[in-house]
Each structure stands twice: as C-alpha cells, then as structure tokens.
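Here is how the chains run, residue by residue.
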Amino acid sequence: MKNMAALSEQQLATGPVAGAATPGATGDLRTRDRVRQLLLERGAVTAAQLGAALGLSPAGIRRHLDAMLADGDVVAREQSVRGNRRRGRPAKVFLLTDDARGRCGTHHYDNMATAALRWIAREGGPGAVDAFAAEQVAALETRCRAALEGAGDDPLARAEALAGALTAEGYAANATTIASGGQLCQHHCPVAHVAAEFPQLCEAETAVISRLIGTHVQRLATIAHGDGVCTTHIPGQPGRVQSGRTVTTVRTDR
C-alpha cells in the first residue's frame, strides 16, 4: 500500500508513466482506424465526406488527415470532375497509400509472384500469362458461383449477391444501383501490386464477374492502376454473355 501511494504521488507530480497511452491519444488512434476503414470501403473521399460520416468538425477531421498525411497513410489528390467544371479549385480527395492498404489486407510474396509471372511471360509468351491468370481465378469463380445460387437471373440482384461473396473472400465489395444500371465496387485487391505489372489478372477477374452476373460488364477503374477502388459497371439493359472473354476495360482517370 505504501509503494502504491508513493507511485500515485509521483505520477501526480511528474505525469503519466512513460509509455502509457493517454486517453486522448487512444481516441485519436481509434478515430484514424475508422478513417482508414472508410477510405478502404469508399476509395477516394473528401474531408467533408469523412467528417460527416464520422461526426467530426472540419477542424477535427483536418487534424486527423494532416497526421495521417505526415505518417504516410494517406495521399491527397484533386478530385476528378466529369463534364463542366465549376469555378474555383476542385476539392481534394484522400486515398489510402499502398502501404496503408497493405496493412488492411494480405499481400503475400508479391515480389516472388511478380518474378514468377515475368518468367512465365519470357518462357511461354503472353498467352501463358493469360492461361495462368484464368487458372488462378477459377477456384474463386467456383466458390462465388455456389454463393450465387438462388440469386435469380436479374444481373443487379446477382451483383449484390456477388458483392457478399467477394467480401467473404476479402475484397470488401459492395453493389449499388445507379442511373445507367449497377456498379460493383471492390475496395481491396489482394494482388494489386502484381496486377499493376500484369493486367491479365484484372482481365481474368473481370471475365469471372461477367460470367457470374450473366451479362457484359465494363471495368471502369482498378486499384492496380492507382484508382481508389476497383469499379465494374453493369449495364441497365444487359445482353447475355456469349463467351468468357466479354470484358471491356475503360479507364476514366486519364
């Protein structure tokens, strides 16, 4: 008891014990974890959108973003605007860096996988890389197809079911209805670093999405090419897929 009393008196005189987390610091870490999760789920987000989602004032969210910028967890870019641009400077959006995104998921043996694909391309040519990519996503397609049983024939309903299946696989996916049809978003890519050099992986995955949903789809953006989210557009009045290669990749950020 005497030692505890002495320690309490010492803490009152000198402050917290070295290494102990203060309540304010713990709260900051939890808030920044929530910011990371939102950025993982939504991709590129403005400070105002983050503040509204987290219930923070503009000054509050700005303080957290400044700290995360300094730590290398996020980057800021000008928001891309389609159509006529309004006067004034475009708003900034914030995205997770590759390092921060990597800590949200698993990126095992990226260097070895890239080296292996380079060897395959050199020894077997581009067709061998295509075949390898198709084989890699075959098991994913089988698992997701089982999860889509009972989803019906409507492409948007199937996209919603597929989002759930992909989330279970670690892709943090969601599906939404938009004016031109539907949109399937994947907020995490376990092979993003490898796919940056070998887009055949993205193309094979998009072909799987097309077959599972049952219609031609358009891949609008990919994490592997620097976008915040992998986005696949599902046309509102789809035609039936005639082959497994009905894939269109459209870059919208260039």
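See above for the structure.
This report concerns the structure included in the present document. (Residues numbered from 1 in each chain as written. Predicted model: local features only at pLDDT ≥ 70, side-chain atom pairs only at ≥ 80, totals over all residues. Heavy atoms only, no water.)

**Regarding the sheet that holds strand E3 (residues 92–96)**
Remark on secondary structure: sheet strands pair via backbone hydrogen bonds, oriented parallel or antiparallel. The strand order across the open sheet formed by three strands is E1-E3-E2, and the pairing between neighbours is antiparallel. With one partner strand each, in any of the chains shown, strand E1 (45–46) and strand E2 (74–78) form the two edges of the open sheet. In terms of strand pairing, E1 meets E3 through two bridges, oriented antiparallel. Bridge pairing links threonine 46 to valine 93 in E3. Packing of helix H4 (residues 58–71) onto the sheet brings it into contact with E2 and E3, and relative to E2 it is tilted by some 110°. (Pairing = 2+ DSSP bridges. Helix = DSSP H or I, 4+ residues; strand = E, 2+ residues; numbered from the N terminus. Contact = heavy atoms within 4.5 Å. Axes fitted to C-alpha atoms, helices over the stretch in contact; angles between N-to-C directions.)

**A few points about the nonpolar core**
Most often, soluble globular proteins keep nonpolar side chains buried together rather than apart. Ranked by internal contacts, the top residues of the largest apolar core, which has 29 residues, are Leu117, Cys144, Leu162, Leu166 and Leu184. Secondary-structure elements contributing two or more residues to this core are helix H6 (110–124), helix H7 (126–147), helix H8 (155–168), helix H9 (192–195) and helix H10 (200–213). When residues in this core are grouped by element, the largest group, seven residues, is from H10. If near-sequence neighbours (up to four positions away) are discounted, leucine 184 is found in contact with Ala159, Leu162, Ala163, Leu166, Asn174, Ala175, Ile209, Cys230, Thr231, Thr232 and Ile234. Of all hydrophobic cores here, the second largest spans 15 residues; its members include Leu50, Leu54, Phe94 and Leu96. (Core = buried A, V, L, I, M, F, W, Y, C linked by side-chain atoms within 4.5 Å. Buried < 20%, exposed > 50% of the residue type's maximum accessible area, 1.4 Å probe, protein only.)

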